[in-house]
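Each chain, letter by letter, is given below.
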Amino acid sequence: MSQRIVFPTIIAPSAFPGVDAPQSLLVSGTVAYDDIITPKASGKRLLGGSASYAALAAAFFTDSRLAGIVGGDFAEKDRKRLRSHGVDLDGLHTEAAGKTFFWSGKYHENYNHRDTLETRLGVNAEPRPPLPEAWRETQFVLLANDAPTLQLAVLGQLHEPRFVLADTMNLWIETARKDLLRVAAHANLFVLNESEAELLSGESNLFFSGRKLLKETGARSVLVKKGEHGALLFHREGLFALPAYPVTDLRDPTGAGDSFAGALVGVLAALGRSDFTALKLAMLYATAVASLTVESFSCDRLESAGVTEIESRAAALREMTRLPG
Ligand code: AMP
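Since the model is a prediction, treat every value here as computed from it, not as a measurement. (Residues numbered from 1 in each chain as written. Predicted model: local features only at pLDDT ≥ 70, side-chain atom pairs only at ≥ 80, totals over all residues. Heavy atoms only, no water.)

### Here we look at the overall build of the protein chain
Consideration 1: Within the protein chain, the secondary structure is distributed over 11 helices and 13 strands.
Consideration 2: The C-alpha radius of gyration of the protein chain comes to 18 Å, within 12% of the 20 Å expected for a compact globule of 325 residues.
Consideration 3: Taking the principal axes of its C-alpha atoms as reference, the protein chain extends roughly 60 × 45 × 40 Å.
Consideration 4: For the protein chain, the computed accessible surface area is about 14,000 Å², with 52% contributed by carbon and sulfur atoms.
Consideration 5: A gap of 1 Å separates the mean positions of the 34 positive and 38 negative side-chain charges of the protein chain. (Helix = DSSP H or I, 4+ residues; strand = E, 2+ residues; numbered from the N terminus. Rg over C-alpha atoms; globule rule 2.2 N^0.38 Å. Areas by Shrake-Rupley, 256 points an atom, 1.4 Å probe, with all protein chains shown as cover. Lys, Arg positive; Asp, Glu negative; His and termini not counted. Charge placed at Lys NZ, Arg CZ, Asp CG, Glu CD.)

Next comes the structure, spelled out in structure tokens:
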């Protein structure tokens, strides 16, 4: 199991007087096999999926529970990879007669844009058993990228969660907008990338689109990811911007958004809080973790990374953003 980052030792007590009790995190989403083509290399049947990346990232900070479904083709070694990193798989259902969600994507020359070549839902389209009884009380929840109907089905089983982060992608904005807006209305934090925010809001200016989503979706806050340009948080108490960690060893951007989201709610759950200050600190660690994910294919770098590397990237980001005075 990976080591954990322990917050009371690294945060200024003045910023967080009396850190609350750490909470577990429930991550629901896809567990997948991915075929990936990048400008320099490619890989086949790599362990991926929104929930795999997110749950692994979250496990650096708190107890991470993964809810999802896989087919009979899901390899025991991949189950072991998730477990050995500390991810609780009691909510990962196996539908032995079906196939695991499959996605293939190809990145453009600058790694910023990608085309989805194929999405095969497999067992992800099948009905699944309810969440484990004890998990329904989980206070911090990540609805990682998945069909909005499935995200709503998870929400419907939870008993008044304190904080819900909802993630999505262009496919669902285009094909399931109405259900997606129902998900967003329940979210404490609704996360999208820049082009998705434009697509959903109809605004091409980033500030206009973030503000419009905050005003019109019902989400309590909205975070727009801008790849190597960082991320912007639109919160009722104000705006917060953070650059990305400058990665020079970029190999495969897949999972950057998922691991960002996983680490972000992982930090909030570890702190047991979700106010504006906590969200800023969570963005710092989410940015550090996402920068590691993209340095290798699949979840490899998330597994090899240690607490020291995450801490040192978080420290570098603090330094990069420090202003005189
Ligand atoms: P990201 O690069 O953060 O957008 O996440 C990529 C991961 O999301 C891949 O591992 C895919 O298996 C998974 N994925 C791709 N398409 C979908 C989809 N429509 N719904 C849920 N997960 C998806």
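That was the structure; now back to the text.
### Quick look at the sheet that holds strand 1 (residues 25-28)
Consideration 1: What the 9 strands build is an open sheet, ordered 5-4-1-8-9-10-11-12-13; its pairing is mixed. Each having just a single partner strand, strand 5 (87-95) and strand 13 (238-242) make up the two edges of the open sheet. With direction set aside, neighbouring strand axes in the sheet form an average angle of 15°.
Consideration 2: Here 4 bridges tie strand 1 to strand 8 (residues 140-143), and the two strands are oriented parallel to one another. Across the sheet, the residue bridging to Leu26 is Val141, located in strand 8.
Consideration 3: On top of the sheet, helix 9 (residues 276-293) reaches strand 9 (163-167), strand 10 (189-193), strand 11 (221-225), strand 12 (231-235) and strand 13; it is set at about 15° to strand 13, its chief contact. (Pairing = 2+ DSSP bridges. Axes fitted to C-alpha atoms, helices over the stretch in contact; angles between N-to-C directions. Contact = heavy atoms within 4.5 Å.)

### What to know about the pairing of strand 10
Consideration 1: Burial analysis of strand 10 places 4 of its 5 residues in the buried class, which makes it a mostly covered element.
Consideration 2: Two strands pair when backbone bridges link them, and strand 9 and strand 10 are joined in this way by 3 bridges, in the parallel orientation. Note on strand 10: the bridge partner recorded for Ala166 is Phe190.
Consideration 3: As defined by bridge partners, strand 10 adjoins strand 11 across 4 bridges and the pair is classed as parallel. Across the sheet, Leu192 pairs through a bridge with Val224, a residue of strand 11. (Buried < 20%, exposed > 50% of the residue type's maximum accessible area, 1.4 Å probe, protein only.)

### So, the packing of helix 1 (residues 50-58) against helix 8 (residues 256-271)
Consideration 1: Two elements in contact, helix 1 and helix 8, have axes whose closest approach is 7 Å; the angle formed by their N-to-C orientations is 40°. Overall, the two elements helix 1 and helix 8 adopt an arrangement that is oblique. The two elements helix 1 and helix 8 meet at a crossing, and its hand is right-handed. Each of Ser50, Tyr53, Ala54, Ala57 and Ala58 in helix 1 lies in contact with helix 8, whose residues at this interface are Asp258, Ser259, Gly262, Ala263 and Gly266.
Consideration 2: Looking at the contact of helix 1 with helix 8, its residues break down into 5 nonpolar, 4 polar and 1 charged. (Parallel < 35°, antiparallel > 145°, perpendicular 65-115°, else oblique. Left-handed = near helix turned anticlockwise from the far one by under 90°. Nonpolar A, V, L, I, M, F, W, Y, C, P; charged D, E, K, R; others polar.)

### With respect to unusual backbone geometry
Consideration 1: Of note, Arg45 is a non-glycine position whose phi angle comes to about 45°, a positive value.
Consideration 2: Mapped onto the fold, Arg45 is located in strand 3 (residues 42-48).
Consideration 3: In this structure, Tyr111 takes a positive phi of about 70° despite not being glycine.
Consideration 4: If you trace the backbone, Tyr111 turns up in the loop between strand 6 (101-107) and strand 7 (114-120).
Consideration 5: On the accessibility criterion, Tyr111 (12% relative accessible area) is buried.

### Quick look at the site of the ligand
Consideration 1: Taken together, 21 residues form the shell around the ligand, and within it Asp34, Gly49, Arg114, Gly255 and Asp258 come nearest.
Consideration 2: Take Arg114: an N or O atom from its side chain is 2.8 Å from an oxygen atom of the ligand.
Consideration 3: The separation between an oxygen atom of the ligand and a polar side-chain atom of Asp258 is 2.5 Å.
Consideration 4: Expressed as a share of its isolated accessible area of 510 Å², the protein-covered part of the ligand is 93%.
Consideration 5: Contributions of two or more residues to the shell around the ligand are made by strand 2 (32-37), helix 1, strand 6, helix 4 (170-175) and helix 8.
Consideration 6: Residue contributions to the shell around the ligand peak at 3 residues, all from helix 8.
Consideration 7: The residue makeup of the shell around the ligand, split by class, is 9 nonpolar, 8 polar and 4 charged. (Near = heavy atom within 4 Å. Polar contact = N/O pair within 3.5 Å; in protein donor to acceptor, adjacent residues only side chain to side chain.)

### Here we look at the sheet that holds strand 6
Consideration 1: Read across the sheet, 4 strands follow the order 3-2-6-7 without closing on themselves; strand pairing throughout is mixed. Looking at strand neighbours, the two that pair on one side only are strand 3 and strand 7, the edges of this open sheet. Across the sheet, the axes of successive neighbouring strands diverge by a mean angle of 20°, strand direction being ignored.
Consideration 2: Looking at chain direction, strand 6 and strand 7 are connected through 6 bridges and run antiparallel. When the bridges of strand 7 are listed, Gly105 appears paired with Thr116.

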